[in-house]
Amino acid sequence: LLEDRDLSSKNVFLAIHLAYGLATEMDIRRTKLIFYHLHHIDKLAEFRADFPEFDVIATVREPRNTLVSGTEHWKRYDPETYHPRVFYLLVKRILEESEPALRYTPHVTTLKLEDLHLRPRQVLKEFCDTYGLELTESMFESSYHGKKWWGDHLSVQYLDGFQAKIREANWKGKIFWYENVLIEYILQDRLEHYGYDVGLRMGKAYFPLVFFLAFLPMKYEMDIAAQHLSRSGAVGRKLRALCATAWFYVLRVILCTGFIGKRIRRRILLARTFCAGKPESR
């Protein structure tokens, strides 16, 4: 595949995918789309250097469930990730959502995980129509090259296809009440955009209260700090752990207060989405 071609990152990228297709007996001549799971938005900078025209599809989920499941699953998989830095980055990812991708392309669409599980045919048909693909029954099976796919190392149980319990509020009782108020205030427009539950419609008059709440420690912050200090050992390491806890707490407060300001200015991103029937971005 690389014969008589430059050994560039772009050509190698394409050759690897085509070779994979040949090795798995796909008809690569019918390939219309390469769906590449990049994982991290910042890697789009290098990707864009080779492929200036591309779309980004970001999977989104109920933010409070993401906060709880993301923290708990990573802690179970690798206890070292139960760390102030990792928690801060998770909060940052939840609040920013797909917005950082706009630095690299205007073609950003979100796909709501709950809709993919509860309305798979509707969502996947919209996806296929967008890219001129054929909707096939294999898209509705949890499989990989014809074999069952049961989830990855972060999954807490074996998975088999779409999950009807995806809408359950697993976050309740696992975060403080004021964390919920803070998240609902900041992301109120986005929660409504995606059809997630919003307890109380809060206007600008709630700003002083919510601004104060941003300075209160989050439940996981407190637990992570306690565990991080307890396993640090020597006094020097405990001091470093305490400094790390304080540093990422300050960063988290700055992050939340910044997004409170964006909420007031109505600058929270409401992305175009494959969730059928939802409004366009504004």
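Our subject in this report is the structure included herewith. What you see is a predicted model, and the numbers here were worked out from it, not measured in a lab.

## With respect to the overall build of the chain
At step 1: A tally of helices and strands in the chain yields eleven helices and five strands.
At step 2: Across its three principal axes, the chain shows a C-alpha extent of roughly 60 × 50 × 40 Å.
At step 3: Burial statistics for the chain: of 282 residues in total, 37% are counted as buried.
At step 4: Intrachain contacts of the chain at a sequence separation of at least 6 include 71% that bridge at least 24 residues.
At step 5: Distance between charge centres in the chain, computed from 42 positive and 35 negative side chains, equals 6 Å.

## Some thoughts on the pattern of salt bridges
At step 1: Considering all chains together, one arrives at 15 salt bridges under this definition.
At step 2: In this structure, Arg29 and Asp27 form a salt bridge, with 3.1 Å as the shortest nitrogen-oxygen distance.
At step 3: We classify Asp27 as partly exposed; its relative accessible area is 34%.
At step 4: A salt bridge links Glu137 to Arg121, with the shortest nitrogen-to-oxygen separation between them at 3.4 Å. You can see Glu137 sitting in the loop between α6 (120-131) and β3 (143-144) and its partner Arg121 sitting in helix α6, a full 16 residues away along the chain.
At step 5: Since its relative accessible area comes to 43%, Arg121 is described here as partly exposed.
At step 6: A cluster of three or more residues bridged by salt bridges with shared partners is formed by Asp189, Glu192, Arg201 and Arg266.

Thresholds applied
- Residues numbered from 1 in each chain as written.
- Predicted model: local features only at pLDDT ≥ 70, side-chain atom pairs only at ≥ 80, totals over all residues.
- Heavy atoms only, no water.
- Helix = DSSP H or I, 4+ residues; strand = E, 2+ residues; numbered from the N terminus.
- Buried < 20%, exposed > 50% of the residue type's maximum accessible area, 1.4 Å probe, protein only.
- Contact = heavy atoms within 4.5 Å.
- Lys, Arg positive; Asp, Glu negative; His and termini not counted.
- Charge placed at Lys NZ, Arg CZ, Asp CG, Glu CD.
- Salt bridge = Lys/Arg side-chain N within 4 Å of Asp/Glu carboxyl O.

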